[in-house]
Amino acid sequence: LFVGAFADIGLTGDKKTLVAIDADGTVKVADVATREVRQTVKAVPNGVNALAVAKTGGRFATLSADGEVKAWTLDGKEVRAWKLPTVAVAAAFTPDGKRLVTGNKDGTAYVLELP
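In this report, the structure presented in the accompanying data block is examined. Numbering of residues starts from 1 in each chain and follows the order in which that chain's sequence is written. Local features in a predicted model are, by the rule used here, given only for residues with pLDDT of at least 70; side-chain atom pairs are given and counted only at 80 or more, and totals for whole chains, interfaces and linings are based on all residues. Computation of side-chain values: all heavy atoms of the structure, hydrogens and water removed.

Let's shift gears to the sheet that holds strand β1 (residues 6–11). Only strands joined by at least two bridges in the DSSP assignment are considered to pair. Labels follow the DSSP assignment, with helices taken as runs of H or I lasting at least four residues and strands as runs of E lasting at least two, numbered in each case from the N terminus. Within the open sheet, the 4 strands sit side by side as β1-β2-β3-β4. Their pairing is antiparallel. Both outer strands of the open sheet, β1 and β4 (37–42), are each paired with one neighbouring strand and no more. For this sheet the average axis-to-axis angle between neighbouring strands, irrespective of direction, equals 15°. With 5 bridges connecting them, strand β3 (residues 26–31) and β4 associate as antiparallel partners. Across the sheet, K28 pairs through a bridge with T40, a residue of β4. Angles shown run from 0 to 180 degrees and are taken between the N-to-C directions of axes, each axis being a line fitted to C-alpha atoms and, for helices, limited to the stretch in contact.

Below, the discussion takes up the environment of R59. Inspection of the secondary structure puts R59 in strand β6 (residues 59–64). Only protein chains enter the area calculation, which uses a 1.4 Å probe; residues under 20% of their type maximum are buried, those over 50% are exposed, and those in between are partly exposed. A residue is classified by how much of its surface remains accessible, and R59, at 16% relative accessible area, is buried. Between two residues, a contact is recorded if the distance between any of their heavy atoms is within 4.5 Å. In contact with R59, other than residues within four places in its own chain, are V53, A54, W72, T73, L74, V79, F93, G97, L114 and P115. As used in this structure description, the phrase polar contact means that two N or O atoms lie within 3.5 Å; if the pair is within protein, one of them must be able to donate a hydrogen and the other to accept it, and residues adjacent in sequence are counted only when both atoms belong to side chains. A polar atom in the side chain of R59 sits 2.9 Å from the backbone oxygen of P115.

A carboxyl oxygen of Asp or Glu within 4 Å of a side-chain nitrogen of Lys or Arg is what we treat as a salt bridge. All told, the structure shown has 7 salt bridges when counted by the stated rule. Where E78 meets K70, a salt bridge forms, and the shortest distance between an N and an O atom there is 3.6 Å. Exposure remark for E78: the relative accessible area of 43% places this residue in the partly exposed category. Here K70 falls in the buried class, since its relative accessible area comes to 13%. One network of salt bridges, with partners in common, ties together E68, K70 and E78.

Shown next, in the form of structure tokens:
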């Protein structure tokens, strides 16, 4: 399915789609059953911290080492970007997929609203 070292991976709630981000910030979205990559997105140019995949809503988020957080659709379209005053090191979508909660290097957390 993939070749190379990955920084983080995640599955959609239906377990049909795998999302993986490699060390250079390239995200690959693949169909689990067919093992085919459906989308490749150069998402994070400045170092990768993590990836989060929404259980619903068909979205994923990328967290960069420079404090930028981006939300994407599974077809590779950027939904929203935030430049945080700190660096997010972990994130999770709320169950409804309408918000992204970040865990940050300085011990804070942000709740980011999605369109």
